[in-house]
Amino acid sequence: MKALIKSIVTATVASLAFAGAAAAADLAARPYTKAPPPVAAAIYDWSGIYVGGAAGGIWNTTNGDFYNFPGFGWRTDSHSDWTAGGFAGIQKQWNHVVFGVEGGWNAVGNGWGSTIANGIAGPCGFVAGIQSCQARIRDIGYIGGRLGWAWDRWMVYGQGGFARAHIESQGLINATGLAFSPASADHNGWYAGAGFDYAVLDYLILGVDYKHYEFDTVQHNCAGCFADNRNVNAKADSVMGRISFKFNPWPGAVVAKY
């Protein structure tokens, strides 16, 4: 009896094993699945409208002569002061290239430049050492183009265009500090420079900007003057820190990069 039961159990196990193998053979092959596509990594797009403010330092020189008395001239040394203002612009990015237009206005500190002799008359006026001529840039406006190269949230750029400055001039009696013959005029000119920006957030951008300005010679005619009517021109260089806020007017503000 034991031998019979053992035989039955052995046969049953063998049958189950054979049936399982047959069922496994009938299963379809494991389907091939394609790997999922890579996820696009978003990079920053500089396209948009932006507004902001800037502050920093400016270094400028002025030159002049008395146009009623040729040969009597003067110039000021390069002196520094503060400058601050605002700006607005619009730009569009194509691949790494960013092209835009920006305009702004900056106030300039109240400092006067010191006179340096520049002609046969000495420092200024008709008595060398007694009188001085002074001039200063009060504000600067500009509008021009920007051409940048961007990689993700960093961008470097060059810039240039039209500039206009309001420049004041006057005479000074050295011994007393008394000013006389004040005059002023608006001067057209140009600017060129470079800078870099970094997008801290999608809408918040920090940067550093350099501009070189040159302004045309313009007559400064003081009221009731004759001998003190003068021609004045100026040059300036500024370095400013900037903060701007960008608004994107076009769809697709984020570029996909694999």
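Remember, predicted model here, so these are calculated numbers, not experimental data. (Residues numbered from 1 in each chain as written. Predicted model: local features only at pLDDT ≥ 70, side-chain atom pairs only at ≥ 80, totals over all residues. Heavy atoms only, no water.)

> Which residues make up the pattern of salt bridges, and what values do they have?
Counting across every chain of the model gives 8 salt bridges. The partner of Arg 146 in a salt bridge is Glu 102, with the nearest N and O atoms 3.8 Å apart. You can see Arg 146 sitting in strand β7 (residues 131-151) and its partner Glu 102 sitting in strand β5 (residues 97-108), a full 44 residues away along the chain. The same class applies to Arg 146 and to Glu 102, which are both buried. Note that Arg 146 and Asp 197 form a salt bridge whose closest N and O atoms lie 3.6 Å from each other. In this pair, Arg 146 sits in strand β7 while Asp 197 sits in strand β9 (residues 178-199), placing the two residues 51 residues apart along the sequence. Like Arg 146, the residue Asp 197 is buried in the burial classification. (Salt bridge = Lys/Arg side-chain N within 4 Å of Asp/Glu carboxyl O. Helix = DSSP H or I, 4+ residues; strand = E, 2+ residues; numbered from the N terminus. Buried < 20%, exposed > 50% of the residue type's maximum accessible area, 1.4 Å probe, protein only.)

> An account of the pairing of strand β10 (residues 204-220) is requested, with residue identities and associated values reported.
The side chains of a regular strand alternate, first on one face of the sheet and then on the other. Bridging between β9 and β10 involves 11 bridges; their strand directions are antiparallel. Its bridge partner lying in β10, Tyr 191 is registered against Tyr 213. Looking at chain direction, β10 and strand β11 (residues 230-247) are connected through 15 bridges and run antiparallel. Its bridge partner lying in β11, Lys 211 is registered against Ser 238. (Pairing = 2+ DSSP bridges.)

> Can you tell me about the side chain of Gln 170, naming the residues and giving the values?
Following the sequence through the fold, Gln 170 ends up in strand β8 (residues 154-173). We classify Gln 170 as buried; its relative accessible area is 12%. Within the structure, the side chain of Gln 170 is placed 2.8 Å from the side chain of Gln 134, a separation counted as a polar contact. Filtering out sequence-adjacent residues up to four positions away, Gln 170 remains in contact with Trp 112, Ser 132, Cys 133, Gln 134, Ala 179, Phe 180, Ser 181, Pro 182 and Arg 230. (Polar contact = N/O pair within 3.5 Å; in protein donor to acceptor, adjacent residues only side chain to side chain. Contact = heavy atoms within 4.5 Å.)

> So, the packing of aromatic side chains: which residues are in play, and what are the values?
Any pair of aromatic rings gets described here by the distance separating the centres and the angle formed by the planes. Counted according to the given criterion, the structure contains 7 aromatic pairs. For the pair Tyr 213 and Phe 215, a centre-to-centre distance of 5.8 Å together with 10° between the ring planes defines the contact as stacked. Given the relative accessible area of 1%, Tyr 213 is considered buried. Given a relative accessible area of 4%, Phe 215 falls into the buried group. An aromatic cluster is defined as three or more aromatic residues linked by ring pairs; in this entry it consists of Tyr 142, Tyr 191, Tyr 213 and Phe 215. Across from the ring centre of Tyr 157, 4.1 Å away, lies the NZ or CZ of Arg 146, which sits over that ring. (Phe/Tyr/Trp six-rings, centres within 6.5 Å; stacked < 30°, edge-to-face > 60°. Lys NZ or Arg CZ within 6 Å of the ring centre and 35° of its normal.)

> Can you lay out the side chain of His 187 for me, pointing to particular residues and giving the numbers?
Inspection of the secondary structure assignment puts His 187 in strand β9. A distance of 2.9 Å separates a polar atom in the side chain of His 187 from a polar atom in the side chain of His 220. The residues contacting His 187, other than those within four sequence positions of it, are Ala 163, Arg 164, Ala 165, Ile 167, Phe 215, Asp 216, Val 218, His 220 and Val 232.

> Describe the nonpolar core, with residues and values.
Grouped together as the largest cluster of nonpolar side chains are 18 residues, with contacts concentrated most on Ile 137, Ile 140, Tyr 213 and Phe 215. Among the elements that take part in this core, β11 stands out by supplying 4 residues, more than any other. Apart from the residues within four sequence positions on either side, Tyr 213 is in contact with Asn 106, Ile 140, Tyr 142, Ala 163, Trp 190, Tyr 191, Lys 235, Ala 236 and Ser 238. Counting 8 residues, the second largest nonpolar core, distinct from the first, contains Trp 46, Val 98, Tyr 157 and Ala 199. (Core = buried A, V, L, I, M, F, W, Y, C linked by side-chain atoms within 4.5 Å.)

> An account of unusual backbone geometry is needed here, citing residue identities and associated values.
If you check the backbone angles, Asp 152 has positive phi at about 55° while not being a glycine. The residue Asp 152 is located in the loop between β7 and β8 in this model. Residue class for Asp 152 comes out partly exposed when judged on its relative accessible area of 38%. In this model, Ser 181 sits at a positive phi of 55°, which is unusual for a non-glycine residue. For Ser 181, the position within the fold is in strand β9.

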